[in-house]
Amino acid sequence: MTALTIPAGMPQYDDKPRFDVERVRADFPILGREVNGHPLVYLDSGNTSQKPRQVIDAVARYYAEHNANVARSVHTLGTESTEAYEGARAKVAAFIGAPSVDEVVFTKNATEALNLVAHAFGPHAQDPRFRLGPGDEIVISEMEHHSNIVPWQLLCQRTGATLRWFGLTETGRLDESNLDELVNERTKIVSIVHMSNVLGTVNATARITARVREVGALLMLDCSQSVPHLPMDVVDYDADFIAFTGHKMLAPTGIGVLWGRGELLNAMPPFLGGGSMIETVKMTGSTFAPAPARFEAGTPPIAQAVGLGAAIDYLTAIGMDAVAWHDKELTAYALDALDTVPGLRIYGPRVPVGRGATISFTLDGIHPHDVGQVLDSLGVQVRVGHHCAKPICDRFAVPALTRASFYLYTTTDEVDALVRGLDQVRKVFA
Amino acid sequence: MQLDQLYQEIILDHYKRPKGRGLREPFAAGVHHVNPTCGDEITLRVALDGETISDISYDGQGCSISQASASVLYELLNGRKVDDAFAVHAAFVELMGGKGQVEPDEEVLGDAVAFAGVAKYPARVKCALLSWMALKDAVAQAVALEKEEV
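The structure contained in this document is the topic of the report that follows. None of the values given here were measured: they were computed from a predicted structure.

What follows deals with the overall build of chain B. Scanning chain B from terminus to terminus reveals six helices and three strands. Across chain B, helices and strands are ordered from the amino to the carboxyl terminus as α-α-β-β-β-α-α-α-α. What you see for chain B is a C-alpha radius of gyration of 15 Å, in line with the 15 Å of a compact globule of 150 residues. Judged by the C-alpha coordinates and their principal axes, chain B covers about 55 × 30 × 25 Å. Classification of the 150 residues of chain B by burial places 49% in the buried group. A separation threshold of at least 6 residues defines the contact pool for chain B, and within that pool the share at least 24 residues apart is 62%. Only carbon and sulfur atoms are counted for the fraction: they give 50% of the accessible area of chain B, which is about 7,000 Å². Averaging the locations of the 14 positively and 23 negatively charged side chains of chain B gives two centres separated by 5 Å.

So this is what it looks like as structure tokens:
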């Protein structure tokens, strides 16, 4: 990747890693298409990312040349498939700094990863860390995606445990003022989002982690939005579990990841029962394989895992530091540009610090559905609605939001197209 | 792209100046409907006078399509006999389910013909139908309650 010219007077940014966005864009076939007669401006990467040719080809090549089921065949194709699938697991482990490949569990998405961990808890859990009943507490936050709220609500319904949560500040940061009271000796697990899919906030987790360790609870991070955009090292973050999904990081849908400390994973009961997750099965009972196989019942998403491996290769070649810096520059540009739109209000941090490349906003007197529809007529694809995070809308007393979310292929020209589109929206509804 | 077909003047006009909006008493039955995919909401009440819908009052939040649709519904069905209202209701549901292929009858649907363009946008059909589904629910409840009392 060629380095861009640094504007004079910004020597402090000289050493920031960069890449050539136009060259990256050339790898994404879909970015060449038109929508409603306009060039596609895809600003919905927080929802799902687009896929580079390298990932599409890897999936096609897998089906064309290696397809077979994994972990159960002695034949050549079965061996090749197994190597491809397990090779993808090794790439994931390296990408997030996992101490062991066996700590990477493939799921169908981040939602399944979160549910898997929630299901490990119960009144009869063998390991006391997962034993949960009345009087015990689980802590989440008000900025969670529904997938990190509902599994815990269901768990509390099953067990009589209590669900508690961090509130949000006006600027959309986690309110940690009651941390010591909220996370206490009754807390069994704290499960919070690393980067908000609505507000863009990247949560600083160090203080929370320290408190979690102090009280002997477990820490889970929902990294669905952060792993695609920021360098991740699970040892540095000192988490117990993280969940993320492939399709937001250039990979196909249908593949997600649960990373957990090996010792914890092997202390957890199975989630789904079936083939591949057993040690031995008798009619009188079964014993189970160690992680990760214990949590991968049935034929897994093999081609999707191969696609995820290819996506990780692609991101690694560019460098996650460079991706993060691109996001930061673009977000700074977009925050300034959106500020020029009359009647526009941003929800979440207004400065490009401690936030990612996802910006949600309202336009005075115009419903987000209508904003999204007019933008679509101009080729600009944004998400509208409550973004599967309704408590955030409730917190800020808005029925819905419009969200623009960027990725490594997003350009400042596309941000300009969004701003021009918003002018058009205001004309239609003037 | 035919944005004008979606956002017809009639729809924008009902959105900006809704008819009959606001919750009123008395009412025989009230319902609250939401569109879970987008968070649009409506609270709708109906009052009956014998066979006639004597008032439809509503409040809600949502996009121009959902809010304009409630206003059109009020204008079209308030004061109508229940059977007539259900006939118009059926025609509107048919129009919205027609993927843009159904030719609306202006005699029956009045201003609601403006929603013909909405039927071409699958993501927006539910917006247009929100208040109509709420009305059917509320009238059915009100009629059932009336029968109980008799």
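Read on, since the account is not over.
With that settled, consider the overall build of chain A. When helices and strands are tallied, chain A shows 14 helices and 18 strands. Here the C-alpha radius of gyration of chain A, 22 Å, is about what a compact globule of 430 residues would show, namely 22 Å. Taken along the three principal axes of its C-alpha coordinates, chain A extends 70 × 55 × 45 Å. For chain A, the share of sequence-separated contacts (at least 6 apart) that also reach a separation of at least 24 residues comes to 70%. When the accessible surface of chain A is split by element, carbon and sulfur atoms take 53% of a total near 17,100 Å². Each charge sign in chain A was given a centre, from 37 positive and 49 negative side chains, and these centres are 4 Å apart.

In this assembly, 17 residues from chain A lie in contact with 21 residues from chain B. For the pair chain A and chain B, the number of links is one salt bridge. Between aspartate 370 of chain A and arginine 124 of chain B there is a salt bridge; the shortest N-O distance is 3.1 Å. For the pair chain A and chain B, the interface holds seven residue pairs in polar contact (both at pLDDT 80 or more).

Another point: the environment of glutamate 75 of chain B. All names here are of chain B. Mapped onto the secondary structure, glutamate 75 falls in helix 3 (residues 64–77). A C-alpha to C-alpha distance of 15 Å links glutamate 75 and aspartate 59, two positions 16 residues apart in sequence. Leave out the neighbours within four places in its chain, and glutamate 75 touches His14, Lys19 and Asp111.

Here the focus is the pattern of salt bridges. Residues and elements named next belong to chain A. Within the structure shown, the criterion is met by 26 salt bridges over all chains. Ionic pairing is found between arginine 25 and glutamate 414, a salt bridge with its closest N-O pair at 3.2 Å. With arginine 25 in helix 1 (residues 21–26) and glutamate 414 in helix 14 (residues 412–428), the pair connects residues that are 389 residues apart, well separated along the chain. On the accessibility criterion, arginine 25 (15% relative accessible area) is buried. Judged by its relative accessible area of 5%, glutamate 414 falls in the buried class. Linking arginine 89 and glutamate 86 is a salt bridge whose minimum nitrogen-to-oxygen distance equals 2.7 Å. Of the two residues, arginine 89 and glutamate 86 both sit in helix 3 (residues 76–96), three residues apart, roughly one turn of that helix. The class for glutamate 86 is partly exposed, based on a relative accessible area of 33%. Residues joined in a network through salt bridges with shared partners are Glu137, Arg164, Glu181, Glu185 and Arg186.

A few words on helix 5 (residues 150–159) of chain A. Residue and element names in this part refer to chain A. All buried positions along helix 5 are accounted for by Pro151, Trp152, Leu155, Cys156 and Thr159. The buried residues of helix 5 occupy an angular sector of 135° when projected down its axis, which confines them to one face. Its buried side turned inward, helix 5 meets helix 4 (110–120), strand 5 (137–141), strand 6 (162–168), strand 8 (187–193) and strand 9 (218–222).

Residues and elements named next belong to chain A. As summarised here, the arrangement of the four strands in space is 14-15-18-17, forming an open sheet in which the pairing is antiparallel. What marks the edges here is a single partner per strand, and that holds for strand 14 (344–347) and strand 17 (383–385). Strand-to-strand twist in this sheet, taken as the mean axis angle between neighbours without regard to direction, amounts to 30°. Taken together, the three bridges between strand 17 and strand 18 (residues 401–405) define a ladder with antiparallel strand orientation. Looking across to strand 18, one finds that valine 384 is bridged to threonine 402. On top of the sheet, helix 12 (residues 368–377) reaches strand 15 (358–363), strand 17 and strand 18; it is set at about 160° to strand 17, its chief contact. Against the sheet, helix 14 makes contact with strand 14, strand 15 and strand 18, and its axis sits at roughly 15° relative to strand 15, the strand it touches most.

Okay, the nonpolar core next. With 79 residues, the main nonpolar core has Leu422 of chain A together with Leu44, Ile65 and Phe115 of chain B as its most contacted residues. Among the elements that line this core, the one with the most residues is helix 6 (residues 122–149) of chain B, at eleven residues. In this structure, leucine 44 of chain B is in contact with Ala29, Gly30, Val31, Ile56, Ser57, Tyr58, Leu73, Ser131, Ala134, Leu135 and Ala138 of chain B, ignoring residues within four places of it in sequence. Membership of the second largest hydrophobic core comes to 78 residues, among which are Leu40, Phe106, Met143 and Tyr347 of chain A.

What follows deals with the sheet that holds strand 1 (residues 29–35) of chain B. Within a sheet, adjacent strands bond to each other through the backbone by hydrogen bonds, running parallel or antiparallel. All names here are of chain B. Sheet architecture is open: three strands sit in the order 1-2-3, paired in antiparallel fashion. Taken across any chain shown, the strands that pair with only one partner, and hence form the sheet edges, are strand 1 and strand 3 (52–61). Here the average twist between neighbouring strands, direction ignored, is 20°. Here strand 1 runs beside strand 2 (residues 40–49); their pairing, made up of seven bridges, is antiparallel. Residue glycine 30 lies in a different strand from strand 2, and its bridge partner there is arginine 45. This element, helix 6, spans strand 1, strand 2 and strand 3 of the sheet and lies at about 35° to strand 2.

Rules and cut-offs
Residues numbered from 1 in each chain as written. Chains lettered and ligands numbered in written order. Predicted model: local features only at pLDDT ≥ 70, side-chain atom pairs only at ≥ 80, totals over all residues. Heavy atoms only, no water. Helix = DSSP H or I, 4+ residues; strand = E, 2+ residues; numbered from the N terminus. Rg over C-alpha atoms; globule rule 2.2 N^0.38 Å. Buried < 20%, exposed > 50% of the residue type's maximum accessible area, 1.4 Å probe, protein only. Contact = heavy atoms within 4.5 Å. Areas by Shrake-Rupley, 256 points an atom, 1.4 Å probe, with all protein chains shown as cover. Lys, Arg positive; Asp, Glu negative; His and termini not counted. Charge placed at Lys NZ, Arg CZ, Asp CG, Glu CD. Salt bridge = Lys/Arg side-chain N within 4 Å of Asp/Glu carboxyl O. Polar contact = N/O pair within 3.5 Å; in protein donor to acceptor, adjacent residues only side chain to side chain. Arc of directions from axis to C-beta. Pairing = 2+ DSSP bridges. Axes fitted to C-alpha atoms, helices over the stretch in contact; angles between N-to-C directions. Core = buried A, V, L, I, M, F, W, Y, C linked by side-chain atoms within 4.5 Å.

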